[in-house]
Amino acid sequence: MTNPFNTVKEALSTLSAADGLRWIAEKFPDAVKLSTALGKEAQVLTHIIATEKIPVSIFTVDTGRLFQETYDLHSLTQKKYGINIKVFFPDAGDVQQMVNEKGLNCFYDSTEDRKNCCNIRKVLPFQKGLEGAKVWIT
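Each residue is numbered by its place in its chain's sequence as written, counting from 1. Local features in a predicted model are, by the rule used here, given only for residues with pLDDT of at least 70; side-chain atom pairs are given and counted only at 80 or more, and totals for whole chains, interfaces and linings are based on all residues. Excluding hydrogens and water, the side-chain values take into account all heavy atoms of the structure.

Peer 1: I'd like to hear about the side chain of T46, residue by residue, with values.
Peer 2: Here a strand is any run of E in DSSP of at least two residues, a helix any run of H or I of at least four, and the numbering for each starts at the N terminus. Position of T46 among the secondary structure elements: in helix α3 (residues 40-51). Judged by its relative accessible area of 0%, T46 is buried. Not counting residues up to four positions away in its chain, the partners in contact with T46 are L34, I58, T77, Y81 and I83. Relative accessible area decides the class of each residue, using a 1.4 Å probe on protein chains only: under 20% of the type maximum gives buried, over 50% gives exposed, and in between gives partly exposed. Contact between two residues is taken to exist if any of their heavy atoms lie within 4.5 Å; hydrogens are not considered.

Pasting the structure below:
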C-alpha cells in the first residue's frame, strides 16, 4: 500500500513554494490552514498565499500575553495584503480561574503549572484554529 505522505512529498518536491501551496489548496479545498505567529517563515508563506491569491485560511493565537509589536505586525500584514488573519483566544473563564488560583506568572512556578498555562493559552485556542482543517501548514 502506498503511503499518502510519500505521494504528497513526491508531488511537492518538484514544485515552487507557490505552486506547492496551490496544489495543496486544490487537493483539499476549503480545508487548508496556515498557522502563524508572524515570524519570518510564516510571513513568507503569508506573502505567497496573499499575493498569489491561494485559498488558504490563515490564523494565529493571541495568548493574552503578546508584545505590542506583535499586534502592530498583525495589523500591518492584514492591511498590506488585504487579508484577514483570524485570531483565536483562550477561554476567558479558564484564564481567570488559573490566574486567580495560581497567579499571573504561574508558568514560572512549576512544570505542571507551565503545561497547564500553555494548554489554556496556546493549545486549546490552537485546536479551535485548526477545526475543519485537513492540512496544516506551518
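Moving on from the model shown.
Peer 1: Can you tell me about the packing of α3 against helix α4 (residues 68-81), naming the residues and giving the values?
Peer 2: Between N-to-C directions, angles cover 0 to 180 degrees, with each direction set by a line fitted to C-alpha atoms, over the stretch in contact for helices. It is the contact of α3 with α4, at a shortest axis distance of 10 Å, that shows an interaxial angle of 25°. Put simply, α3 runs roughly parallel to α4. In terms of crossing hand, the pair formed by α3 and α4 is right-handed. Residues Q43, T46, H47, A50 and T51 of α3 pack against L73, T77 and Y81 of α4. For this classification, the nonpolar set comprises Ala, Val, Leu, Ile, Met, Phe, Trp, Tyr, Cys and Pro, the charged set comprises Asp, Glu, Lys and Arg, and every other residue, Gly included, is treated as polar. Within the contact of α3 with α4, the residues separate by chemical class into three nonpolar, five polar and no charged. Oblique is the label for every angle not falling under 35 degrees (roughly parallel), over 145 degrees (roughly antiparallel), or within 65 to 115 degrees (roughly perpendicular). Handedness of each helix crossing follows the sense of rotation of the near helix against the far helix: counterclockwise by less than a right angle gives left-handed, clockwise gives right-handed.

Peer 1: Account for unusual backbone geometry, naming residues and giving values.
Peer 2: One non-glycine residue, D30, lies in the positive phi region at around 60°. One can find D30 in the loop between α2 (17-27) and β1 (32-35). Notably, L38 is not glycine yet its phi reads approximately 70°, a positive angle. Assignment of secondary structure puts L38 in the loop between β1 and α3. Judged by its relative accessible area of 8%, L38 is buried.

Peer 1: Would you mind going over the side chain of Q43 in detail, with residue names and values included?
Peer 2: Along the chain, the position of Q43 falls in helix α3. Overall, the relative accessible area of 18% leaves Q43 in the buried class. In this structure Q43 touches L38, L73 and T77, once residues within four positions along its chain are discounted.

Peer 1: Which residues make up the pairing of β1, and what values go with them?
Peer 2: The side-chain alternation of β1 yields two buried faces, one formed by V32 and L34 and the other by K33 and S35. Bridge count for β1 against strand β4 (residues 135-137) is three bridges, and the pairing is parallel. In the sheet register, L34 faces β4, and the bridge partner there is I137. One ladder, built from three bridges, connects β1 with strand β2 (residues 57-61); its direction is parallel. Bridge pairing in β2 places S35 opposite F59. DSSP-based pairing: two strands are paired if at least 2 bridges between them are found.

So far we have only geometry, and geometry alone does not tell us how the molecule works.
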